[in-house]
Amino acid sequence: MVAALGDRWSHYIPAAEYADYVHNQKNEYVGIGVAIQKRQDDTGFDVVEVNKGGPAEKAGILPGDIITHVDEEPVVELDTTGLRNRILGEKNTKLTITVLRAEEVLTFPVTRKAIHTKVAAGTMLTETIGYVAIANFHTGAAKEAIKVIEELMSQGAESLVLDVRNNPGGY
């Protein structure tokens, strides 16, 4: 039925996924604060980014680490969603992340916490041109973008480049 609409932006959300969909629009989740990417050689998942001040950083996990196990269970057979589902959970619950770092196997106990996803970021490109990247248009996006723009204007920005590439939309 959704396909019959002929609207590429309309899609069906199964009931089992709806709660996650709504939760993601709040730009928050309960997890450990890492961005991951499946390795092409299927040996695990690269830690691409670690949220500053998040549980993973506090535990000692670094960008470049390769996640191989969660709670002693191998993750090589999982896709990104499968690993995400293993890492996300209830606030203040613990899990163990095993990583490979430069041929060394390390294990980190990590406590899940509420993580706020930063939506807007900015920098000055020149003395008068500011750059603002907006990751999505979900909850809090406008407030965060305005705050970044005001900060850039206080630094001398007279014009702005707004970057919404790879922004999936939102409200």
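Residues numbered from 1 in each chain as written. Predicted model: local features only at pLDDT ≥ 70, side-chain atom pairs only at ≥ 80, totals over all residues. Heavy atoms only, no water.

**Student:** Summarise the sheet that holds strand S10 (residues 129-134); cite the residues concerned and give the values.
**Tutor:** Ordered in space as S9-S10-S11, the three strands form an open sheet in which the pairing is mixed. In this open sheet, the two edge strands, each paired with only one partner strand, are strand S9 (120-124) and strand S11 (159-163). Strand-to-strand twist across the sheet, computed as the mean angle between neighbouring axes with direction ignored, equals 20°. Judged from the five bridges that link them, S9 and S10 form a sheet pairing that is antiparallel. Its bridge partner lying in S10, Thr123 is registered against Tyr131. (Pairing = 2+ DSSP bridges. Helix = DSSP H or I, 4+ residues; strand = E, 2+ residues; numbered from the N terminus. Axes fitted to C-alpha atoms, helices over the stretch in contact; angles between N-to-C directions.)

**Student:** Report on the layout of surface pockets, specifying residues and quantitative values.
**Tutor:** The computed volume of the largest pocket comes to approximately 1000 Å³. For the lining of the largest pocket, the secondary-structure elements that each account for two or more residues are strand S1 (28-31), strand S2 (34-38), helix H3 (80-87), S9 and S10. Here the lining of the largest pocket is built from residues that sort into 14 nonpolar, ten polar and six charged. Of the pockets and cavities examined, the second largest pocket occupies roughly 150 Å³. (1 Å grid on protein atoms, 1.4 Å probe; cavity = no way out; pocket = protein on both sides within 12 Å on 5 of 7 lines; lining within 4 Å. Points joined across faces, edges and corners; volume = space filled by probe spheres on them. Nonpolar A, V, L, I, M, F, W, Y, C, P; charged D, E, K, R; others polar.)

**Student:** Give me the lowdown on helix H4 (residues 141-154), citing residues and values where you can.
**Tutor:** Over its 14 residues, H4 runs 20 Å from end to end, which matches the ideal 20 Å to within 8%, given 1.5 Å per residue. Those residues of H4 not exposed but buried are Ala141, Glu144, Ala145, Val148, Ile149 and Leu152. Along the axis of H4, the buried positions cluster into a sector of 130°, meaning they face one direction only. The exposed residues of H4 that point more than 90 degrees off its buried face are Ala142, Lys143, Lys147, Glu150, Met153 and Ser154. Those residues of H4 hidden inside the fold are in contact with strand S8 (113-116), S9, S10 and S11. (Expected span 1.5 Å × (residues − 1). Buried < 20%, exposed > 50% of the residue type's maximum accessible area, 1.4 Å probe, protein only. Arc of directions from axis to C-beta. Contact = heavy atoms within 4.5 Å.)

**Student:** I'd like a rundown of the pairing of S11, residues and numbers included.
**Tutor:** Where S10 lies against S11, five bridges are found, and the strand directions are parallel. Opposite Val132, over in S11, you have Leu162 as the bridge partner. With H4 bridging S10 and its parallel neighbour S11, the resulting β-α-β unit is right-handed. (Right-handed = clockwise from strand over helix to strand, strands pointing away.)

**Student:** Explain the pattern of salt bridges residue by residue, including any values.
**Tutor:** Under the defined criterion, the tally for this structure stands at five salt bridges. A salt bridge links Lys38 to Asp42, with the shortest nitrogen-to-oxygen separation between them at 3.9 Å. Among the residues examined, Lys38 registers a relative accessible area of 22% and is labelled partly exposed. A cluster of three or more residues bridged by salt bridges with shared partners is formed by Arg39, Asp41 and Asp46. (Salt bridge = Lys/Arg side-chain N within 4 Å of Asp/Glu carboxyl O.)

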